[in-house]
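# Coordinate inspection notes
These are the residues of each chain, in order.
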Amino acid sequence: MSKPRVAIFDFACCEGCQLQIVNMEEEIIDLLSVVTPVEWREAISDQSTEYDIAIIEGSITRPEDEERLKTIRDRAKVLIALGACATIGGVNKLKNNFGMDDVKSSVYGEARDMPHLSTYPTKAADEIVKVDYKVHGCPIDNREFAYIVKCIATGKEPVIPYYPVCVECKEKENVCRFEYGEICLGPITRAGCDARCPSNGAWCFGCRGFVDDPNMNAGREILEKYGKTVEDLMHRIVLFNTGRKEE
Amino acid sequence: MSYYKMSEEDLRQWVDHLLSKVTVYGVQAKGDRFAFNALNDSSSLRLDYDVTILPPKKYFLPPKETLLSYKGQKYDSVVDEKPFVLFGVHPYDLAAIRQMDKIFSSDNNDIHYMTRRNNATIVALDVQTPSAHNFSGNMNTAVIEGEYDILLTKVDSSYVVDVRTGKGKELIKGMSGLVTAEMALVDSRHKVWEENKSRLRAYPLKPSLSEIPGLLDKSREHPVWAEKAELCFSCGSCVMVCPTCYCFDVQDEAEWDLSSGKRIRSWDGCMLERFALVAGGHNFRKTKEERYRHRYYRKGKYVAEKVGEISCVGCGRCVSACVPGIANPCEVYNRLKED
Ligand code: SF4
Ligand code: SF4
Ligand code: SF4
Ligand code: SF4
Ligand code: SF4
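Basis of the calculations
Residues numbered from 1 in each chain as written. Chains lettered and ligands numbered in written order. Predicted model: local features only at pLDDT ≥ 70, side-chain atom pairs only at ≥ 80, totals over all residues. Heavy atoms only, no water. Near = heavy atom within 4 Å. Nonpolar A, V, L, I, M, F, W, Y, C, P; charged D, E, K, R; others polar. Helix = DSSP H or I, 4+ residues; strand = E, 2+ residues; numbered from the N terminus. Buried < 20%, exposed > 50% of the residue type's maximum accessible area, 1.4 Å probe, protein only. Pairing = 2+ DSSP bridges. Domains from an automatic or database assignment. Contact = heavy atoms within 4.5 Å. Buried area = accessible area lost by both parts, 1.4 Å probe. Salt bridge = Lys/Arg side-chain N within 4 Å of Asp/Glu carboxyl O. Polar contact = N/O pair within 3.5 Å; in protein donor to acceptor, adjacent residues only side chain to side chain. Axes fitted to C-alpha atoms, helices over the stretch in contact; angles between N-to-C directions. Parallel < 35°, antiparallel > 145°, perpendicular 65-115°, else oblique. Left-handed = near helix turned anticlockwise from the far one by under 90°. Phe/Tyr/Trp six-rings, centres within 6.5 Å; stacked < 30°, edge-to-face > 60°.

Another point: the site of ligand 5. Taken together, Cys232, Phe233, Ser234, Cys235, Gly236, Ser237, Cys238, Met271, Cys322, Pro324 and Ile326 of chain B are the residues near ligand 5. When its residues are assigned to classes, the shell around ligand 5 shows eight nonpolar, three polar and no charged.

Residue and element names in this part refer to chain A. Around ligand 1 lies a shell formed by Cys13, Cys14, Glu15, Gly16, Cys17, Glu57, Gly83, Ala84, Cys85, Gly137, Cys138 and Pro139. Breaking the shell around ligand 1 down by element, the ones donating at least two residues are α1 (16–22) and α4 (84–87). Of the residues in the shell around ligand 1, the class split is seven nonpolar, three polar and two charged.

Residues and elements named next belong to chain B. Counting buried positions over the six residues of strand β7 (residues 120–125) gives six, a clear majority of the element. Burial of β7 is two-sided: the residues Ala120, Ile122 and Ala124 facing one way and the residues Thr121, Val123 and Leu125 facing the other way are all buried. With three bridges joining them, β7 and strand β8 (residues 150–155) adopt parallel strand pairing. Directly across from alanine 124, in β8, lies its bridge partner leucine 151.

All names here are of chain A. Domain parsing of chain A yields domain 1 (5–153) and domain 2 (165–241). The gap between the C-alpha centroids of domain 1 and domain 2 is 26 Å. With 13 residues of domain 1 at the contact, the number on the domain 2 side is 12 residues. The largest per-residue losses of area from domain 1 upon contact with domain 2 belong to Ile88, Leu94 and His136, which jointly make up 40% of the total buried on that side. The interface formed by domain 1 and domain 2 contains one salt bridge. A salt bridge links arginine 208 to glutamate 144; the nearest nitrogen and oxygen atoms lie 2.7 Å apart. Between domain 1 and domain 2 we count four residue pairs in polar contact (both at pLDDT 80 or more) in total.

Residues and elements named next belong to chain B. Judged by pairing direction, the sheet is mixed, and its eight strands sit side by side in the order β3-β2-β6-β7-β8-β9-β1-β10 without closing on themselves. The open sheet has two edge strands with one neighbour each: β3 (33–38) and β10 (179–180). Bridge count between strand β1 (residues 2–7) and strand β9 (residues 158–163): six bridges; the pairing is antiparallel. When the sheet's bridge partners are listed, lysine 5 is paired in β9 with valine 160. Helix α2 (residues 91–105) rests against β6 (84–89) and β7 of the sheet, and its axis sits at about 145 degrees to β7.

In a beta sheet, neighbouring strands pair by backbone hydrogen bonds and run either parallel or antiparallel. Residues and elements named next belong to chain B. Ordered in space as β5-β4-β12-β11, the four strands form an open sheet in which the pairing is antiparallel. The sheet terminates laterally at β5 (74–77) and β11 (248–254), the two strands that pair on one side only. Adjacent strand axes in the sheet meet at a mean angle of 25 degrees when their direction is disregarded. Bridging between strand β4 (residues 64–71) and β5 involves four bridges; their strand directions are antiparallel.

Time to look at the side chain of threonine 121 of chain B. Residue and element names in this part refer to chain B. Considering the arrangement of structural elements, one finds threonine 121 in strand β7. Taking the relative accessible area as the measure of exposure, threonine 121 reaches 10% and is therefore buried. For threonine 121, the residues in contact, after removing those within four places along its chain, are Phe84, Val85, Leu86, Asp149, Lys167 and Leu171.

A few words now on the packing of α2 of chain B against helix α3 (residues 111–118) of chain B. Residues and elements named next belong to chain B. As a packed pair, α2 and α3 sit with axes 9 Å apart at the nearest point and diverge in direction by 135 degrees. With respect to their mutual orientation, α2 and α3 come out oblique. Where α2 crosses over α3, the two elements pack in a sense that is left-handed. For the pair α2 and α3, the contacting residues are Ile97, Met100, Asp101, Phe104 and Ser105 in the first and Tyr113, Met114 and Arg117 in the second. Looking at the contact of α2 with α3 residue by residue, the classes come out as five nonpolar, one polar and two charged.

Attention now moves to the packing of aromatic side chains. Residue and element names in this part refer to chain B. For the coordinates displayed, the defined rule picks out 21 aromatic pairs over all chains. Centre to centre, the rings of tyrosine 59 and phenylalanine 84 are 6.3 Å apart; their planes meet at 50 degrees, and the pair counts as tilted. Note that tyrosine 59 is positioned in the loop between β3 and β4 and phenylalanine 84 in strand β6, a separation of 25 residues in sequence. Judged on exposure class, the residue tyrosine 59 and its partner phenylalanine 84 are both buried. Between tryptophan 225 and tyrosine 297, the aromatic rings sit 5.9 Å apart at their centres with planes inclined by 50 degrees, giving tilted as the arrangement. Of the two residues, tryptophan 225 sits in helix α8 (residues 223–229) while tyrosine 297 sits in helix α10 (residues 288–307), which places them 72 residues apart along the sequence.

Here it is, written out as structure tokens:
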């Protein structure tokens with residue numbers, strides 16, 4: 001590929017992941033030596049319908065988003081989901097635990113039936129179209145983003161951790177949160193963040209999504225060992241992983 | 001071989017003296033646990049620690065290291081040649097280093113590991129506070145003879161400083177007021193050693209060490225593998241904290257010019273789901289059960305046959321690191337012995 005054209009599109013999200021790209025600072029120049037941006041609302045004013053790589057930020061929360069995403073997919077050779085909102089639905093999926101009418105009433109009150117406020121249960125990008133690469137996390141780690149871009153530019157398959165956060169947590173020599181009687185989602189969550197949360201004294205809340213084959217049965221059984229209930233565990237899981245494989 | 005006697009205060013003065021000359025990694029508190037870290041002054045050094053979260057292996061085989069840097073087809077090996085002192089290594093961890101030395105110096109001599117190893121001076125320390133999970137007494141590693149440059153043993157309120165090698169002598173050189181330990185004090189270390197051999201047994205081990213490889217030979221279909229693996233997260237914690245595990249992965253990381261970069265080696269582990277995935281997509285240990293079983297075969301048989309001793313030194317780190325509590329080697333080997 002000779003210097004591919006890139007377009008970034010945002011859906012329902014806080015745009016924090018795009019901000020991580022902006023935060024690359026001087027490395028942005030390096031990034032631009034590898035790709036050419038043709039649409040990026042946060043950084044440039046151009047709009048384009050011709051691009052090679054489409055970067056999708058945010059989750060799909062309305063029927064019209066779904067159509068827009070399909071159009072983008074048709075135009076792009078490569079589609080990247082950027083951040084938890086796009087890769088797993090992210091925090092936006094919390095609402096899927098409630099009825100859509102309740103959700104609309106509590107957010108928009110009287111205005112809930114206005115046509116532009118339509119909403120449906122949140123979906124991740126891969127629930128609608130084929131996603132070629134995922135940049136996990138809430139927010140993303142811009143070094144991982146840079147790594148994936150370089151891989152695409154050189155035609156190499158990026159190696160993204162498939163194993164749980166515990167691996168990196170051990171490398172950081174942290175004391176396990178379970179030893180302090182806390183529930184941590186590290187054993188079922190995909191690594192790649194350098195165990196950001198346990199390294200700062202907090203439990204992992206699963207923002208990089210589950211590993212491919214999370215052992216949910218073990219999850220339930222160990223709760224007993226640590227004097228916790230299934231509700232304790234579910235409270236932590238719903239934040240980022242509502243409806244994703246927890247049976 | 002020479003023996004000196006030091007009070008705790010003398011010892012700290014000696015460490016401060018060392019710190020003015022060389023990098024010293026010693027055990028310090030990390031929250032309410034312990035870890036080896038670079039020392040700044042002797043006052044933070046803890047000689048009464050029970051166990052460190054990670055073994056001192058991290059100084060020979062770091063979690064991540066650059067093996068070489070490349071530009072186009074050209075490359076330069078990156079070898080870390082800085083001398084350092086590891087201060088306060090417990091005997092079981094030293095036994096693990098002895099095994100790792102055999103592995104990394106045989107077959108394909110690993111220059112990255114061996115250069116660091118040859119530049120290290122090791123001050124060993126007999127255990128003063130047993131950790132809750134330590135079973136090194138079962139593994140013949142509660143006490144160690146040799147392998148160290150200096151061994152410190154606390155007897156009553158003073159330390160016996162056993163200087164064993166030229167590197168050890170080098171460390172003690174220039175210290176004023178060194179007092180030679182009287183033979184009675186040197187001999188009284190046996191009391192400490194006998195005591196450690198019997199108290200560092202947090203879990204009973206039913207089979208004898210020489211029995212373990214044979215037991216494994218006939219236990220491939222034993223129900224314990226599936227039973228325990230049922231609860232396994234494939235999280236790798238048990239192998240990441242293990243002083244005798246040395247699996248690694250190698251990946252290239254390119255710079256923005258896309259033609260230069262670094263080759264990075266990082267820890268890997270046999271408990272991880274795709275560890276045994278080979279080109280063509282075949283994973284020769286697909287199931288949790290196969291991976292779980294493999295760890296015990298590796299420790300009790302495969303590596304054991306290579307290095308001449310069971311590849312578990314009984315540090316107990318895997319026992320505390322495993323969230324579902326299924327990683328205790330004693331429990332598993334006992335089950336194999338029972339039925
Ligand atoms: S993943 Fe997190 S940081 Fe990124 S856009 Fe979504 S909410 Fe914001
Ligand atoms: S703190 Fe969490 S991520 Fe770290 S080892 Fe424990 S369970 Fe795993
Ligand atoms: S530790 Fe867990 S929640 Fe925190 S950044 Fe990593 S994956 Fe996300
Ligand atoms: S298997 Fe467990 S007890 Fe044995 S050396 Fe490794 S971490 Fe220590
Ligand atoms: S620490 Fe426990 S759960 Fe994790 S891989 Fe090892 S045996 Fe399995």
